[in-house]
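Structure at a glance
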Amino acid sequence: MAIQLKCSTCGGRMRCADEMAGHRVRCPQCKAAMAVPASAAIPESTPARDPRETARVRETARVVDTSVRPTRGRRAAKATPSGDMRWVWFAAAGAAVLIALGLGIYFAVTSSADSSRAGQTADGSDSQEKTRETKEEPADGGATASDPAPKPEVQPDPKPEAKPEPEPEPEENEFAVPTESPPEEPNVQKPNVEQPPHGEVHVEVITIKPSPSDPAAEPSPPGEETPKEPEDTPEEPVERPPVERPIEKPPAVAGPADAKCPKCRGLGRVPLEPRRPYVHVEGMARPKAADAVRCQFCPECQAARDNDELVQKEKARIDVVGPKHQAWEQVLNSPLVRVENHHVTIHAQLPPARAAEVGVAVEELTAHLQQLTHSMELTRTQPDTYEILIVWGQQNYLGLLQRMEGQWRAKMGNEWGMLRELAGSTIGETSFFRQEENGPPATHMAVFMTAGRQIVLASGGRAPIWLREGFSAYAENAVLNKNLVHSIKYDVKKFPFGPDWIAGTRQLAAAGELTPWEQLFRLDMRDYALPDYLTAFATVGYLLQIDPQKFLKFVRLLREGQAPGIAMEAAYEKKFDKLQADWVAWVTGQG
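The present account deals with the structure reproduced in this document. (Residues numbered from 1 in each chain as written. Predicted model: local features only at pLDDT ≥ 70, side-chain atom pairs only at ≥ 80, totals over all residues. Heavy atoms only, no water.)

Attention now goes to the overall build of the chain. Looking only at helices and strands, the chain features 16 helices and 13 strands. The buried share of the chain, reckoned over its 591 residues, is 39%. Once local pairs closer than 6 in sequence are excluded, the contacts in the chain between residues at least 24 apart make up 65%. Of the roughly 35,300 Å² of accessible surface on the chain, a fraction of 53% belongs to carbon and sulfur atoms. (Helix = DSSP H or I, 4+ residues; strand = E, 2+ residues; numbered from the N terminus. Buried < 20%, exposed > 50% of the residue type's maximum accessible area, 1.4 Å probe, protein only. Contact = heavy atoms within 4.5 Å. Areas by Shrake-Rupley, 256 points an atom, 1.4 Å probe, with all protein chains shown as cover.)

Quick look at the structure:
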């Protein structure tokens, strides 16, 4: 059965489910908080009367009952038609008049009291004051301090001497109010609430706070009652038809690459066999992910890996190439052409055809290094991380430096001031340079800078200046058959040897003007003279051409922290002086 409650503030009545016993609810009319009794239910009866009227009605009823009560233990005297019967009729009529008068007075007083309470609740004048003076109903079902009944069923044991202080109003978060519902204004009676007979109100929406003794209880959403589930009722198994799912291939466990693997030398990856060239220009059809893959898993130490994993990685990369390109366009405030190959992404202020030539030249560089060494050690860049930014003219170049100063100046340090005089540089994973009508072609600049980035990554950042400069010059000559770029000066007309650096090194060697290695290894880039560039170029060419695998070992020893001279002797198994003598003979064509 439903538990009936009477609001201690406005006197309204309400019903709530048995499951709400022990919890707190709000009155739908005046929003006052009260506790639902644990077991006791208020009987359905006529609302409480005014005490003075109750006394008058009881007195009237007592008189009426006395006049009509039959005698007990003796026979009633026979009434004469003329005497006794007449007094009986008078008494009955009087009693009827008194009863009618009492009922009329009762209904008049009750209606007046209900109207007064409704008016006070509507305008909010007495509701808050009454809430402060009235104690909340205890959770065990006892009556509150404002209950008109003279003897409440359950009453807390007050201290005899201390005066009870009025309890503070409940805080806003005392009851769990769902966030989806808008907050309701206090002391506002909801219209259109159906009033059952005798002033009772059915509680349709109850906001409940879980009892402290039941931490697992959760509030029900508005408009829903929490059904009480039967205890110890086993859940019947439900037979469902089997769902056919595609058989998925379990992912391969990615084991660490073997540092001693003779095939990959600890990289876990080797060049593609056969190698597929890949250059994609913005505006072309979406590239295939399989064509963009630049390597394969090592067949020895990574035999359990599936190369389809690399295809899926490229597919995910291709899906997100646009935002970074758009960011560079915003930096330069200019449209750019995006070109990508296996190892670099190019953003260029060039026509698409010339930008594509840059992508092809860099692709040929990485292909040459992989075919020469049969390894990925000298081609570590990736198109999702390494970028080349090509801007047109001095004005755009200076604008780029101005906009990127906040990010690049800290990385460059004291060398930042040199960038205005240089044609370009590499900062982190970004190479940038300016393209001009009278300057070296963008293909030469891009190959030169990409090679420098590759040797830095291969050596773990420990490549000396002569190795970076010589490796970049070697790559430019190997791919484009001539040298037009060196780091400090880019005016080709002032370079006396022209673009044929192979002939220039032979000329210097015959004249005995090549820079000795001991001196070359100590030079700072600012101190480089023209013969120093050719000496570095010829040194790297010699070390790579006589034995590519020993060159890789030399780079690995640099990566481990060994000094260049010691690493060179260990890798080539020759003394430093002997190596230098063999190098001179090789350059002059006598070796």
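A separate point is helix α9 (residues 442-458). Given 3.6 residues per turn, any residue in an α-helix points the same way as the ones three and four places further on. Over its 17 residues, α9 runs 24 Å from end to end, which matches the ideal 24 Å to within 8%, given 1.5 Å per residue. Most of α9 is tucked away: 15 of the 17 residues are buried. Remark: Gly-460 follows α9 within two positions and exhibits a positive phi of approximately 65 degrees. (Expected span 1.5 Å × (residues − 1).)

This part covers the side chain of Arg-317. Among the secondary structure elements, Arg-317 is positioned in helix α5 (residues 308-318). A polar side-chain atom of Arg-317 sits 2.8 Å from a polar atom in the side chain of Glu-314. In contact with Arg-317, other than residues within four places in its own chain, are Tyr-278, Ala-292, Glu-340, Pro-383 and Asp-384. (Polar contact = N/O pair within 3.5 Å; in protein donor to acceptor, adjacent residues only side chain to side chain.)

Okay, the side chain of Arg-434 next. In this fold, Arg-434 is placed in strand β13 (residues 430-435). Classification of Arg-434 by relative accessible area gives buried; the value is 16%. One polar contact links Arg-434 to Gln-394, side chain to side chain, over a distance of 3.2 Å. A distance of 2.7 Å separates the side chain of Arg-434 from the backbone oxygen of Leu-422, its partner in a polar contact.

Here the focus is empty space enclosed by the protein. Summed over the entire model, instances satisfying the criterion amount to 4 cavities of 30 Å³ or more. Computed from the structure, the largest cavity encloses a volume of approximately 70 Å³. If you trace the largest cavity, you find it lined by Arg-269, Val-293, Arg-294, Cys-295, Leu-310, Lys-313 and Glu-314. Looking at which element gives the most residues to the lining of the largest cavity, the answer is α5, with 3 residues. Of the residues belonging to the lining of the largest cavity, the class tally is 3 nonpolar, no polar and 4 charged. (1 Å grid on protein atoms, 1.4 Å probe; cavity = no way out; pocket = protein on both sides within 12 Å on 5 of 7 lines; lining within 4 Å. Points joined across faces, edges and corners; volume = space filled by probe spheres on them. Nonpolar A, V, L, I, M, F, W, Y, C, P; charged D, E, K, R; others polar.)

Right, let's talk about a nonpolar patch on the surface for a bit. Residues Ile-99, Leu-103 and Phe-107 make up a contiguous nonpolar surface patch of roughly 300 Å² in combined accessible area. Within the secondary structure layout, Ile-99 lies in helix α2 (residues 84-123). (Patch = residues over 30% accessible without salt bridge, like charges linked within 9 Å, V, L, I, M, F, W, Y side chains within 5 Å. Salt bridge = Lys/Arg side-chain N within 4 Å of Asp/Glu carboxyl O.)

Once that is clear, we can look at the packing of aromatic side chains. Taken as a whole, this structure holds 14 aromatic pairs when the rule is applied. An aromatic cluster is built from Trp-466, Phe-471, Trp-517, Phe-521, Phe-551, Phe-554, Phe-576 and Trp-583, whose rings are joined through pairwise contacts. For the cation-ring pair, Arg-434 lies above Tyr-397, with the distance from its terminal atom to the ring centre recorded as 5.3 Å. (Phe/Tyr/Trp six-rings, centres within 6.5 Å; stacked < 30°, edge-to-face > 60°. Lys NZ or Arg CZ within 6 Å of the ring centre and 35° of its normal.)

We now examine the sheet that holds strand β10 (residues 345-348). Within the open sheet, the 6 strands sit side by side as β7-β9-β10-β11-β13-β12. Their pairing is mixed. A single partner strand is all that each edge strand has here, and the edge strands are β7 (279-281) and β12 (424-427). Taken over all neighbouring pairs, the strand axes of this sheet differ in orientation by 15 degrees on average, direction set aside. Note: β7 against strand β9 (residues 337-341), 3 bridges, orientation antiparallel. Paired with Val-281 across the bridge in β9 is Val-339. With respect to the sheet, helix α7 (residues 352-373) is in contact with β7, β9, β10, β11 (387-392) and β13, its orientation differing from that of β9 by roughly 20 degrees. (Pairing = 2+ DSSP bridges. Axes fitted to C-alpha atoms, helices over the stretch in contact; angles between N-to-C directions.)

Another point: the pattern of salt bridges. Under the definition given, this model contains 14 salt bridges. Connected via shared salt-bridge partners are Arg-294, Glu-314, Arg-317, Arg-338 and Glu-340.

Let us now look at the environment of Phe-297. As for its position among the elements, Phe-297 is in strand β8 (residues 295-297). Along the chain, Phe-297 and Cys-264 lie 33 residues apart, while their C-alpha atoms are 9.0 Å from each other. Residues within four places of Phe-297 in sequence aside, it is in contact with Gly-268, Arg-269, Val-270, Gln-302, Arg-305, Asp-306, Asn-307, Glu-309 and Leu-310.

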